[in-house]
Amino acid sequence: MAKAEYTVLGTSPARMGGIERVIGAGIYGIDFALKDELHGGILRSQYAHAKIISIDTSEAKKIPGVHAVVTAADAPDVRYGRTSIDRYMLAKNKVRYMGDPVAAVAADSPAIVKQALKKIKVVYEPLPVVIDQEEAMKLDAPTLHEDMPLPKNLPADVKVKNVCSFTAVHVGDPDKAMAEADIVVDEVYETKMIHPQYLEPRIAAARVEPDGRITVWANAQAPFAVRTDVARLIGVALNKVRIISTELGGGFGGKASGITSGAAIEPICALLAVKAKRPVMIVLDKAEETISTTIRSGAKMYIKTGVKKDGTIVARQGKVVYDAGAYSGFGAMAGARCTNMLGGWYLMPNCHIDGYVVYTNKQVCGPVRGPGGPQAAFAVESHMDSIAAKLGMDPVEFRLKNTPKPGDKIVGVPKLRDVSLGETIRTAAEKIGYTKVGAQHAAPVLGKNQGIGIATGSWIESAGPGGGAVVKVNEDGSVTVHIGKIDMGTAPRFGIPLIAAEELGVPVSDVTVVNVDTDASPWDAGTVGSRAIIVSGTATRLAAIDARNQIFKMAASQLEASPDDLEIKDKQIRVRGTPSKSVPLATIATAAHNIIGEVIGRGYCDNVAMMAEEKARGSSQPFTAHACIVEVSPDTGNVKILKYVAVHDIGFPIHLASVEGQIEGATAMSIGQALCEQVVFDNNGRTMNPSFVDYLMPTINMMPRIETTLVHGYPGAGPYGAKGAGEIACVPPMAAIANAICNATGVRITKLPLSPENVLRGLKEAGKA
Amino acid sequence: MSLTIHTTINGKSVSAGAEPSTSLLDFLRDTLEYKGTKLCCNTGECGACSIIYNGKPINSCVTLAADANGAEITTIEGVADGDKLHPVQQAFIDTGAVQCGYCTPGYIISVKALLDRTTKPTAEDIEEAVSGNICRCTGYTKIVDAIQLAADRMAGRV
């Protein structure tokens, strides 16, 4: 299908579910209540690292209105984890961060829950705490997990501890190439932990049904992963557990990693409901959420690059030390991604990077929006400017010189198909007013204390689990779509309805996308990894085509035509070229009742086939370039962003406003990490800024308008050539801003955040303030 | 219940009991079942719980239920005219400013309060009016578009 033939694809109709959101309908998990429900609450460790000597719940159980008090002793001796099975839902023997769940209570009111939690007596034997991931690797550091072996692939000569996973990237002969380089630039970059801080608090509600099954309502991004672990940890068969997704008030990957995300709030709630024999609901307080749930980890990144005088990159060596937090969580995957991406997305003939993912006594790493990517890009793209400066070369020219062409390989990707990187760089440079070259030469357009910065990014999204869709055509011609991905303001209620509408010739408003219920929805890995449009979009398209084929087969006899000659538009099935010969979609869908019962189309995204095609034809991954102009106050160190452009290739935008919205939102999130966001700890592992009073996030005051430009002509692996848009815009902003600050002040800041105090310190150290 | 609160919500007289320590947010959500006003930070930082209190937008999470006694309150449930959306609500939908939607009721309250004062807001007026409303999804770009569109429609400029 050529683009011009699309009816609704590429447009921006109202989001499905918009009206209930603007009128304040009670649709979210937090608005939900079960009849006769009890309130649940969790006792969390007050030590970042300690042995549990004893837990006494007897006083708590005596309080009137308390219906259940549970500890690890009340649950099967089963642990969970994605890459390392290293965690109990309620701590047993040891606690490893301040926030680790130790016990839980169900009671008549929140006040009684609080009272009962205070009455639980836990005797701890405090252990030494390790907060910094490099300190944790040292042989004299405290051991977090006595029974977790070091990764098998760790080189024999590496003497470390607390390493939970290891990734090594080897390309060519970096030692030799580095020795032959004309210029070598060696730097260290560091990012801090941030919390995704979706606005809706996390909830879980659980009820034991009359038939003994357990229903859990959760605002989780991956309900099927939650089902698996609730069943395992409670000790019941998978088919005895049903997860129903409530509407999500934001997630950003923070609610994406099964029960890990909420530190097992769902199975804890289910256990309380089983023990209390009453429905239970737990709502996390925002400060409690900040200290206990999954976060974007900090990373320390050593990066060294050799270049020729003409600007050709010849080698990179590096090391990533990635913070897993107290348990493995999503650390192995995010750390591996960060390690690969430290190799960059430019031509890189020789490369060696070691990536260590390390346990520390802190919150656990989750797959927060582009796991590993934003951290790596802060190092890679700041470093690119440092190299360009050393070469005396313009940063844009230096990047373009090392930009891959179709067919080239980059670190971690054996072959690229179309490469939009060059076009995104040139477009971003033009849009920001980066004329002629040389950040220094751009000075005429800049005022005093102002600087211009550019940074690029890429993201891999065409690898991951498959997923299905079921498309039903109702007797009035309306369409119901079942997918396994929840909506949180993303593709499921923006792009997916457009795909069904396009293929079945119905108005978008006639399409319903049902929220996930594990009893009824197709299995899915969740709304993660920028994959909603790729997985559910592909599956919905094929399911809609399957449904259409069934409709054409039934209509063909009525219209005395071949099914191949039929088309469907405006809810009418017509013989192509003979518009007078038509039958309403509703008539055929109703007639189906007497023939096949119902028109039910089935489709799926075959991940193995998609990956094989990506391998054969080359990766169609997206690229981006962001550029900005900032003004730095030499008196306060405050950074104001005056202009911001985001140039993206996302293949084909199925819902245009949604794609722009994802880009704008992801950019804002990383601007937050660039300028102000971080979770701060004291030496005992206590979070110093758990509430919104102290955890600074961007408000409208510090945000520039994000000027988004899409470049076209680089089709992706998704339906109609779409690529995912949810994460990639998180990748470049931190370096773009750091580069602009450097351009304005001459000072390279290598540690986030680029807050007034850090910028001012940098200026002072350089003798510029 | 040691207090009885007599208040007017969305033009309707309401009387209900509350503890002296009950926040207006909890009173609205849990006692009166106005679930459109959202609970988030509970510290007056994010604006998800915004309501209009005697003509001014406030954070209901850091206001006591007792302060509602004798007050005129508008919640998000009182913004639309029956089934007809308020121009601010319609503009948020039309511009794609509603992603997850959790901050949206608070925004619509703050913006309604602004546009009730003036339908010719400057960029500074807009920034000031919603500086207490955090949105984590949109990056604020489409929210500014929505506010401008609503203002233009209310003033008959478009």
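Procedures and definitions
Residues numbered from 1 in each chain as written. Chains lettered and ligands numbered in written order. Predicted model: local features only at pLDDT ≥ 70, side-chain atom pairs only at ≥ 80, totals over all residues. Helix = DSSP H or I, 4+ residues; strand = E, 2+ residues; numbered from the N terminus. Rg over C-alpha atoms; globule rule 2.2 N^0.38 Å. Buried ≥ 20, exposed ≤ 12 C-beta atoms within 10 Å, placed from the backbone. Contact = placed C-beta atoms within 7 Å. Core = buried A, V, L, I, M, F, W, Y, C linked by C-beta atoms within 7 Å. Pairing = 2+ DSSP bridges. Axes fitted to C-alpha atoms, helices over the stretch in contact; angles between N-to-C directions. Parallel < 35°, antiparallel > 145°, perpendicular 65-115°, else oblique. Left-handed = near helix turned anticlockwise from the far one by under 90°. Nonpolar A, V, L, I, M, F, W, Y, C, P; charged D, E, K, R; others polar. Arc of directions from axis to C-beta. Right-handed = clockwise from strand over helix to strand, strands pointing away. pLDDT = per-residue confidence, 0-100.

Q: Before we move on, can you summarise the overall build of chain B with the specific residues and values?
A: Check the secondary structure of chain B and you find five helices and five strands. Reading chain B from its N end, one meets helices and strands in the order β-β-α-β-β-β-α-α-α-α. Its C-alpha atoms give chain B a radius of gyration of 15 Å, within 12% of the compact-globule value 15 Å for 158 residues. When the backbone C-alpha atoms are referred to their principal axes, chain B occupies close to 50 × 30 × 25 Å. For chain B, the proportion of its 158 residues judged to be buried stands at 57%. Contacts spanning at least 24 positions in sequence make up 60% of the contacts within chain B whose residues lie at least 6 apart.

Q: Give me the lowdown on the overall build of chain A, citing residues and values where you can.
A: Within chain A one finds 19 helices and 26 strands. Viewed in the frame of its principal axes, chain A has a C-alpha envelope of about 80 × 75 × 50 Å. For chain A, buried positions account for 60% of its 769 residues. Taking all contacts inside chain A whose residues are at least 6 apart in sequence as the whole, residues at least 24 apart take part in 80%.

Q: Kindly report on the interface of chain B and chain A, identifying the contributing residues and their values.
A: With 40 residues of chain B at the interface, the matching set in chain A holds 41 residues. Of all the secondary-structure elements, those providing two or more residues to the side of chain B that touches chain A are α2 (87-94), α3 (104-117) and α5 (141-154) of chain B. Of the residues forming the side of chain B that touches chain A, the biggest block, four residues, is contributed by α2 of chain B.

Q: How would you sum up helix α9 (residues 331-341) of chain A? Please name residues and give values.
A: Of all eleven residues making up α9 of chain A, eleven are buried, and the element is well covered by its neighbours. Buried residues of α9 of chain A: Gly 331, Ala 332, Met 333, Ala 334, Gly 335, Ala 336, Arg 337, Cys 338, Thr 339, Asn 340 and Met 341 of chain A, and no others.

Q: Could you give an account of the nonpolar core, with specific residues and numbers?
A: Ranked by size, the top nonpolar core spans 256 residues in total, and within it Cys 269, Ile 737 and Ile 741 of chain A carry the most contacts. In this structure, Ile 741 of chain A is in contact with Gly 451, Val 630, Val 632, Val 639, Ile 749, Leu 754 and Val 759 of chain A, ignoring residues within four places of it in sequence.

Q: Residues and numbers for the sheet that holds strand β6 (residues 121-126) of chain A, please.
A: Residue and element names in this part refer to chain A. The three strands lie next to each other as β4-β2-β6, forming an open sheet whose pairing is antiparallel. Whereas interior strands pair on both sides, the edge strands pair on one side only; in this sheet they are β4 (94-95) and β6. As defined by bridge partners, strand β2 (residues 50-56) adjoins β6 across six bridges and the pair is classed as antiparallel. Within β6, the residue paired with Lys 51 across the bridge is Glu 125.

Q: So what's going on with the packing of α9 of chain A against helix α10 (residues 373-391) of chain A? Which residues, and what values?
A: All names here are of chain A. Here α9 crosses α10 at 25°, and the two axes come no closer than 8 Å. When the interaxial angle is binned, α9 and α10 end up roughly parallel. You can see that α9 and α10 cross each other, and the crossing is right-handed. Judged by residue contacts, Arg 337, Cys 338 and Met 341 of α9 engage Gly 373, Gln 375, Ala 376, Ala 377 and Val 380 from α10. In terms of residue class, the contact of α9 with α10 is built from five nonpolar, two polar and one charged.

Q: So what's going on with the sheet that holds strand β22 (residues 578-584) of chain A? Residues and values would help.
A: Residues and elements named next belong to chain A. The sheet built from three strands is open, its strands ordered β20-β21-β22 with antiparallel pairing. At either margin of the open sheet sits one strand with a lone partner, and together these are β20 (566-569) and β22. Each strand axis lies, on average, 35° off the axis of its neighbour in the sheet, ignoring direction. Sheet topology places strand β21 (residues 572-575) next to β22; four bridges connect them, and they run antiparallel. Following the sheet pairing, Arg 574 is matched in β22 by Ser 582. Against the sheet, helix α15 (residues 585-595) engages β20, β21 and β22, with an angle of about 45° to β22.

Q: Quick rundown of the packing of helix α13 (residues 495-504) of chain A against helix α14 (residues 532-559) of chain A? Include the residues and the values.
A: Residue and element names in this part refer to chain A. Between α13 and α14, the shortest axis-to-axis distance is 9 Å and the interhelical angle comes to 25°. In terms of orientation, α13 lies roughly parallel with respect to α14. You can see that α13 and α14 cross each other, and the crossing is right-handed. On the side of α13, the interface is formed by Gly 495, Ile 496, Ile 499, Ala 500, Glu 503 and Leu 504, while α14 contributes Ile 533, Ser 536, Gly 537, Thr 540, Arg 541, Ala 544, Ile 545, Ala 547 and Arg 548. Its residues assigned to classes, the contact of α13 with α14 shows eight nonpolar, four polar and three charged.

Q: How would you summarise unusual backbone geometry if you had to cite specific residues and measurements?
A: Residues and elements named next belong to chain A. Along the chain, Leu 752 connects to Pro 753 via a cis peptide bond; the corresponding omega equals -5°. Its place among the elements puts Pro 753 in the loop between α18 (733-745) and α19 (756-765). The backbone of Asp 570 shows a phi angle near 50°, a positive value even though the residue is not glycine. Tracing the sequence through the fold places Asp 570 in the loop between β20 and β21. The exposure class assigned to Asp 570 is exposed, which follows from the 12 C-beta atoms found within 10 Å. We note that Tyr 720 has phi near 60°; this positive angle belongs to a residue other than glycine. Its place among the elements puts Tyr 720 in the loop between β26 (706-710) and α18.

Q: If you had to explain the environment of Gly 618 of chain A to someone new, which residues and values would you point to?
A: Residue and element names in this part refer to chain A. With respect to the helices, strands and loops of the structure, Gly 618 is situated in the loop between α16 (607-617) and β24 (623-632). Residue Gly 618 is classed as partly exposed on the basis of its C-beta count, with 19 C-beta atoms lying within 10 Å. Considering only alpha carbons, one finds Gly 618 and Lys 390, 228 residues apart in sequence, at a separation of 34 Å. With near-sequence residues (within four places) excluded, Gly 618 lies in contact with Pro 406, Gly 407, Lys 415, Leu 416 and Arg 417.

Q: Account for α19 of chain A, with residues named and values stated.
A: All names here are of chain A. For α19, the set of buried residues is Val 759, Gly 762 and Leu 763. Considered in projection along α19, the buried side chains sweep an arc of 100° and stay on one side of the axis. Pointing more than 90 degrees away from the buried face of α19 are the exposed residues Glu 757, Lys 764 and Glu 765. Turning to α19, the residues buried within the fold contact β24, β25 (639-648) and α18.

Q: Can you explain the pairing of β26 of chain A? Please cite residues and give values.
A: Residues and elements named next belong to chain A. Summarising the sheet, β25 and β26 pair through five bridges and their orientation is parallel. What sits directly across from Val 645, in β26, is Glu 707. As for the winding sense of the linkage, the β-α-β connection from β25 through helix α17 (residues 656-675) to β26 is right-handed.

Q: With reference to specific residues and values, describe the confidence of the model for chain B.
A: Confidence in the prediction for chain B averages 97 pLDDT; 99% of positions are at 70 or higher. Model confidence for the complex: the whole-complex pTM is 0.97, and ipTM, which rates the interface, is 0.98.

Q: An account of the environment of Ile 728 of chain A is requested, with residue identities and associated values reported.
A: Residue and element names in this part refer to chain A. Checked against the element boundaries, Ile 728 lands in the loop between β26 and α18. In this structure, the C-alpha to C-alpha distance between Ile 728 and Gly 529, residues 199 residues apart in sequence, is 9.8 Å. Leaving out residues up to four positions away in the same chain, Ile 728 has contacts with Gly 370, Gly 457, Trp 459, Ser 530, Pro 622, Thr 624 and His 648.

Q: So what's going on with the environment of Met 341 of chain A? Which residues, and what values?
A: Residue and element names in this part refer to chain A. Inspection of the secondary structure puts Met 341 in helix α9. By C-beta crowding, Met 341 is classed as buried, having 30 other C-beta atoms within 10 Å. Not counting the four nearest positions on each side in its chain, Met 341 is found in contact with Gly 372, Gly 373, Ala 376, Ala 377 and Val 380.

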